[in-house]
Amino acid sequence: MFSIFRKNASTRAIKHGRQCAKSICAAVDDMDVIMQLVLEDIEGASMGNDKAKVFARSSGIAPSQYKGALNNSRPEVDGPKGVKTFLDETALQYYPDLERVADFRLAATDYIMQHHRLGKYAK
């Protein structure tokens, strides 16, 4: 019975992640900002839970591209009004359930990658 509640919570987190990513895609047209966001998110995923690590490995973006991205951020991504900051703050509503936090963030990153045809979604 309780697995039904977890599945619904996960589904809500995924849907919410996609909605937030859709907003980002509509608002940000600077591909350097989008790419930096994706690289930082994939680097973070590569250090996360098993699901996140699988996401990073299957992203279609080589580790040589995303390693160190978190150390090379820019204000539009990681600053007080940055897109990553927006996602981080929004994901906090799922805390302390780290699985839901990961579901939200992975769904957002995946949507952005699909929308911009990055990594495994490139033509």
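One can find the structure itself at the top, above this paragraph.
Novice: What exactly am I supposed to notice about the overall build of the protein chain here?
Specialist: Looking only at helices and strands, the protein chain has seven helices and zero strands in total. On C-alpha atoms alone, the protein chain measures out to a radius of gyration of 14 Å, which is about the 14 Å that the 2.2 N^0.38 rule sets for 123 residues. C-alpha extents for the protein chain along the principal axes are approximately 45 × 30 × 30 Å. Burial status across the protein chain gives 45% buried among its 123 residues. Considering only contacts in the protein chain between residues 6 or more positions apart, those separated by 24 or more positions represent 66%.

Novice: So what exactly am I meant to see when it comes to unusual backbone geometry here?
Specialist: Keep in mind that most residues, glycine aside, have a negative phi and that most peptide bonds are trans. Omega for the bond connecting tyrosine 95 with proline 96 falls within 30 degrees of zero, at 15°, which places this linkage in the cis form. Positionally, proline 96 belongs in the loop between helix H6 (83-91) and helix H7 (98-116).

Novice: For this particular structure, what's the right way to read the side chain of aspartate 110?
Specialist: Mapping aspartate 110 onto the fold places it in helix H7. Of the side chains with opposite charge, lysine 120 lies nearest to the buried aspartate 110, which makes no salt bridge, at 4.0 Å. Engagement of the side chain of aspartate 110 in a polar contact is seen with the side chain of tyrosine 121, the distance being 2.7 Å. The residues touching aspartate 110, leaving out its near neighbours within four places in the chain, are Phe55, Lys120 and Tyr121.

Novice: Please clarify how the environment of aspartate 110 should be interpreted in this entry.
Specialist: The exposure class of aspartate 110 is buried, given its relative accessible area of 16%. For the pair formed by aspartate 110 and glycine 17, sequence separation is 93 residues and the distance between their alpha carbons is 9.2 Å.

About the criteria used
Residues numbered from 1 in each chain as written. Predicted model: local features only at pLDDT ≥ 70, side-chain atom pairs only at ≥ 80, totals over all residues. Heavy atoms only, no water. Helix = DSSP H or I, 4+ residues; strand = E, 2+ residues; numbered from the N terminus. Rg over C-alpha atoms; globule rule 2.2 N^0.38 Å. Buried < 20%, exposed > 50% of the residue type's maximum accessible area, 1.4 Å probe, protein only. Contact = heavy atoms within 4.5 Å. Lys, Arg positive; Asp, Glu negative; His and termini not counted. Salt bridge = Lys/Arg side-chain N within 4 Å of Asp/Glu carboxyl O. Polar contact = N/O pair within 3.5 Å; in protein donor to acceptor, adjacent residues only side chain to side chain.

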